[in-house]
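# Residue-level structural notes
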Amino acid sequence: MVTSSVKTDTVEFTDHLERREAIGKFFEYLFLFGLLIGLFVLALLVLNIFHDGLGRLLTPGFLTETPSRFPERGGIRPALVGSFYLGIIVLFVAVPIGVGAALYLEEYAPKTWWTALIEVNIGNLAGVPSIVYGLLGLAVFNYLLNFGPTLISGALTLALLSLPVIIVTAREAIRAVPDSLRQASYGLGSTKWQTIRHHVLPYAIPGIFTGVIISVSRAIGDAASLMVIGAVSFLTFDPGLFQRFMALPIQIFSYITRPEPGFANAAAAAIIVLILLILALNAIAIYLRQRYSISN
């Protein structure tokens, strides 16, 4: 009787395990199918963009000329220069503040209720739509600080947009550093700042770089906040810090909304430039992450 009961339980356990494995395989193939559908649609979109815009991109003067009311003559130089300046200012403003805030929250801040409240709010800010940051930048930089609808207002707004992502990713990278490394440094007589500077930051740099490039790529490709700030869709000169400005997403939006068929090809060419720019930034992030990971 005991042997029969044990055999029955073994058979039931085996059947239950096989059912669970079958269900797991079903969902694995289902999710893989969903991934393949998404990649297929993305590939179709990219191929369509390259089909429509590659010829216009290779046209002489497209990258070096200013926009024109004639679709075959217009270029994207002011938008390209504006996006470059925006990215540089975002790096110089958002990265020191974001990494400094992450270091304070992880290494210095006491574990109190207000620290927990700050952490929750930073996580929530990372998911706020970009147009909300545009309204904030409009109120603070355009009107309160009286910068007006200039490039510096747009850059500072994008820096605010990037800050939560940089802080969150930098905190995760700092948190991943083994605590034994800190304790060994303290045991040799190092101060807290020496430990952070010579041991914590070098090991956290790969993850920090990844978060920085991701946030800057998002900022460069954002259009909603720049439209609220006052970016223009037509400019015949390269923008300065306190001048009206253009950016690639605004230029793309401007070209798409025009009825002439030639502007659709120009918009596709500008999209290709933006995609290549973002891919280049991500390639730099991957290279830096691999380099510092190997050196550490």
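Residues numbered from 1 in each chain as written. Predicted model: local features only at pLDDT ≥ 70, side-chain atom pairs only at ≥ 80, totals over all residues. Heavy atoms only, no water.

Here Asn-121 shows up in helix 3 (residues 113–125). Taking the C-alpha atoms as reference points, Asn-121 and Thr-236, separated by 115 residues in sequence, lie 41 Å from one another. (Helix = DSSP H or I, 4+ residues; strand = E, 2+ residues; numbered from the N terminus.)

The subject of this paragraph is the environment of Ala-94. Within the element layout of this structure, Ala-94 appears in helix 2 (residues 77–108). Remark: the alpha-carbon pair of Ala-94 and Leu-201, spanning 107 residues in sequence, is separated by 17 Å. If we skip the residues at most four places from it in the chain, Ala-94 touches Ile-89, Ala-159, Ser-162, Leu-163 and Ile-166. (Contact = heavy atoms within 4.5 Å.)

A grouping of Tyr-104, Tyr-108, Trp-113, Trp-114, Leu-117, Ile-118 and Trp-193 is seen on the molecular surface, where their side chains present a nonpolar patch of about 780 Å² in accessible area. Counting residues per element, the ones that place at least two in the nonpolar patch are helix 2 and helix 3. (Patch = residues over 30% accessible without salt bridge, like charges linked within 9 Å, V, L, I, M, F, W, Y side chains within 5 Å. Areas by Shrake-Rupley, 256 points an atom, 1.4 Å probe, with all protein chains shown as cover. Salt bridge = Lys/Arg side-chain N within 4 Å of Asp/Glu carboxyl O.)

Attention now goes to the UniProt feature "domain: ABC transmembrane type-1" (unreviewed entry) in the protein. This chain's UniProt record puts "domain: ABC transmembrane type-1" (unreviewed entry) on residues 80–285. Taken end to end, residues 80–285 is 78% helix and 0% strand, and its two terminal C-alpha atoms sit 21 Å from one another. (UniProt positions renumbered as here; feature names shortened; annotations may be inferred.)

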